[in-house]
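Here is what each chain is made of, one letter per residue.
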Amino acid sequence: MRRGRLVGTAIGLAVAVALGGAYALRPAEVSPAAIRASVEQSPELLDSAWGLPAASSYGQSLTWQANGSFCGPASIANVFRSIGEEETSEAEVLEGTGWCRLGFCWMGLTLDELAEVARAKTERKVTVLRDLTPDEFQRHLRASNDPSKRYIVNFSREAIFGAGVGHHSPIGGYLEAEDLVFVLDVNERFKPWLVPREKLYSAVDTLDGDHKRGLLLIE
């Protein structure tokens, strides 16, 4: 009888993990129309953004995240590729870190967990930036045009697109004259886009558990 209970519990846990994994891998439910209405993707502005110092190091191409929970590892992999680090795939970024062992990141990675992954794979300085004021946020956006720095932004999709969950993606730079931030979205459904600084700040100034979202700086 006891053995039967144990087997039943094990099966239940396996089913729960499988269902949880399916939930974690499900893409954000944002329609193409909502994407078009929420952000700027005009060819002219995108061309200008790709010419920014940091953005140009990506070669106008990104490696898309493998599943809905891998935005963090995909962001690091793309950043590493842009600065000449060796680990330029999600698998290489995650190898040996202990994170996302079953092929998905359970409910995604927090900003601090993503920093831990990055620090395990680079000797560069990795800094978590959160609780930023609007002025501090803009100062870091200006710094994102410095080719020696790379930023990853953690934001709420819902605050920008009206639906979706938390997400990580690299920042390609800042068109200061237009006050637009270039987000290199690693989700192929969205692709890179530009958004007003204040709108992105509102999406960053949200809670992920007990902590605010923010920026990850690699330099």
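Above this note sits the structure.
Described below are features of the structure shown in this document. (Residues numbered from 1 in each chain as written. Predicted model: local features only at pLDDT ≥ 70, side-chain atom pairs only at ≥ 80, totals over all residues. Heavy atoms only, no water.)

**Observations regarding the sheet that holds strand β5 (residues 193–196)**
Within the open sheet, the six strands sit side by side as β1-β8-β2-β3-β4-β5. Their pairing is antiparallel. A single partner strand is all that each edge strand has here, and the edge strands are β1 (126–130) and β5. Taking the axes of each pair of neighbouring strands and ignoring which way they run, one obtains an average angle of 35 degrees across the sheet. Inspection of the sheet shows strand β4 (residues 180–183) paired to β5 by four bridges, in the antiparallel sense. The residue bridging Leu 180 from the neighbouring strand is Pro 196, located in β5. Running at roughly 170 degrees to β1, helix α7 (residues 111–119) makes contact with β1, β2 (150–156), β3 (166–175) and β8 (214–218) of the sheet. Against the sheet, helix α8 (residues 134–143) makes contact with β1, β2, β3, β4 and β8, and its axis sits at roughly 70 degrees relative to β3, the strand it touches most. (Pairing = 2+ DSSP bridges. Helix = DSSP H or I, 4+ residues; strand = E, 2+ residues; numbered from the N terminus. Axes fitted to C-alpha atoms, helices over the stretch in contact; angles between N-to-C directions. Contact = heavy atoms within 4.5 Å.)

**Looking at the state of the cysteines**
With the rule as written, the count across this model stands at one disulfide. Not engaged in a disulfide, the cysteine Cys 71 finds its nearest cysteine sulfur in Cys 105; these two sulfurs lie 7.9 Å apart. (Disulfide = S-S within 2.5 Å.)

**Some thoughts on the packing of helix α5 (residues 71–83) against α7**
Put simply, α5 and α7 touch, their axes get as near as 10 Å, and they point 40 degrees apart. Our classification of the angle between α5 and α7 gives oblique. In this structure, the crossing between α5 and α7 has a hand that is right-handed. Each of Gly 72, Pro 73, Ile 76 and Phe 80 in α5 lies in contact with α7, whose residues at this interface are Leu 114, Val 117 and Ala 118. (Parallel < 35°, antiparallel > 145°, perpendicular 65-115°, else oblique. Left-handed = near helix turned anticlockwise from the far one by under 90°.)

**Quick word on unusual backbone geometry**
In this structure, Met 107 is a non-glycine residue whose phi angle is positive, near 60 degrees. Among the structural elements, Met 107 can be located in the loop between α6 (90–94) and α7. A residue is classified by how much of its surface remains accessible, and Met 107, at 55% relative accessible area, is exposed. The residue Asp 131 is not glycine, and still its phi comes out positive at about 55 degrees. (Buried < 20%, exposed > 50% of the residue type's maximum accessible area, 1.4 Å probe, protein only.)

**Examining the environment of Ile 83**
Along the chain, the position of Ile 83 falls in helix α5. For Ile 83, a relative accessible area of 17% puts it in the buried group.

**A word on the packing of aromatic side chains**
Overall, the coordinates contain six aromatic pairs when judged by the stated rule. Residues Phe 155 and Trp 193 carry aromatic rings whose centres are separated by 5.7 Å and whose planes lie at 85 degrees to one another, so their mutual orientation is edge-to-face. Of this pair, Phe 155 sits in strand β2 while Trp 193 sits in strand β5, and the two are 38 residues apart along the sequence. Its relative accessible area of 0% is what places Phe 155 among the buried residues. (Phe/Tyr/Trp six-rings, centres within 6.5 Å; stacked < 30°, edge-to-face > 60°.)

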